[in-house]
Amino acid sequence: MKIYVSNLSFNVQDEELLNLFTPFGAVASAKVITDRETGRSRGFGFVEMEDDNAAQEAMQQLDKTSVDNRSIGVSEARPKSDRSFGNSPFKSDNGGYNKRKW
DNA sequence: ACTGAGCGA
């Protein structure tokens, strides 16, 4: 399961992210999206976990927690066309979901 | 006091 981690402090890097999620389960990949131009962090990242329920657990536990004096946000990343959002206005006309406002 | 909304390439 892919997880979207937002509002990260700019000090946080990939390994920090990894250290946060590892205790909850096997982490397939953890990457902070660093700005390709400047190389600095963009303040958000992605974590992919092997076990789905461990991921869910990690999300609940890590969401809105303070990391490096900043309250981070953890949520599922890019829901496909499953009913993650039930009957939300985010229908999938394009196979994923709208990139305009999401 | 780099810089604060956001879903990578």
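Preceding block: the structure.
Keep in mind it's a predicted model, so treat the numbers as computed, not measured.

**Quick look at the overall build of chain A**
- For chain A, the count of helices and strands is two helices and four strands.
- Secondary structure elements in chain A, listed N-terminal to C-terminal, are β-α-β-β-α-β.
- The 102 residues of chain A split such that 31% are buried.
- The long-range share in chain A, meaning contacts at least 24 apart out of those at least 6 apart in sequence, stands at 55%.

**Let's talk about the protein's contact with DNA strand B**
- As a structural note, the neighbourhood of DNA strand B is formed by 20 residues, with Leu8, Phe10, Lys31, Arg40 and Arg42 the closest of them.
- The contact atoms of DNA strand B, taken as those within 4 Å of the protein, divide so that sugar and phosphate hold 22%.
- In the model, a base nitrogen of DNA strand B is placed 2.7 Å from a nitrogen or oxygen of the leucine 8 main chain.
- At a separation of 2.2 Å, a base nitrogen of DNA strand B approaches a polar backbone atom of arginine 42.
- Elements with a contribution of two residues or more to the surface near DNA strand B: strand E1 (2-6), strand E2 (27-34), strand E3 (41-49) and strand E4 (73-76).
- Broken down by element, the surface near DNA strand B gets its largest block of residues, four residues, from E3.
- For the surface near DNA strand B, the per-class residue count stands at nine nonpolar, three polar and eight charged.

**Some points on helix H1 (residues 14-21)**
- Among the residues of H1, Leu17, Leu20 and Phe21 are the ones counted as buried. Seen from one end, H1 has its buried residues packed into an arc of 85°, which puts them on one side.
- Packed against the buried residues of H1 are E1, E2, E3, helix H2 (52-62) and E4.

**Quick look at the packing of aromatic side chains**
- Scanning the entire structure with this criterion turns up three aromatic pairs.
- Both rings, one in phenylalanine 44 and one in phenylalanine 46, keep their centres 6.2 Å apart while their planes meet at 85°; by these two values the pair is edge-to-face.
- Here the aromatic residues Tyr4, Phe44 and Phe46 are joined through ring pairs into a cluster of three or more.

**Quick notes on the pattern of salt bridges**
- Under the definition given, this model contains two salt bridges.
- The partner of aspartate 35 in a salt bridge is arginine 42, with the nearest N and O atoms 3.7 Å apart.
- Aspartate 63 serves as the salt-bridge partner of lysine 64, at 3.7 Å between the closest nitrogen and oxygen.

About the thresholds
- Residues numbered from 1 in each chain as written.
- Chains lettered and ligands numbered in written order.
- Predicted model: local features only at pLDDT ≥ 70, side-chain atom pairs only at ≥ 80, totals over all residues.
- Heavy atoms only, no water.
- Helix = DSSP H or I, 4+ residues; strand = E, 2+ residues; numbered from the N terminus.
- Buried < 20%, exposed > 50% of the residue type's maximum accessible area, 1.4 Å probe, protein only.
- Contact = heavy atoms within 4.5 Å.
- Near = heavy atom within 4 Å.
- Polar contact = N/O pair within 3.5 Å; in protein donor to acceptor, adjacent residues only side chain to side chain.
- Nonpolar A, V, L, I, M, F, W, Y, C, P; charged D, E, K, R; others polar.
- Arc of directions from axis to C-beta.
- Phe/Tyr/Trp six-rings, centres within 6.5 Å; stacked < 30°, edge-to-face > 60°.
- Salt bridge = Lys/Arg side-chain N within 4 Å of Asp/Glu carboxyl O.

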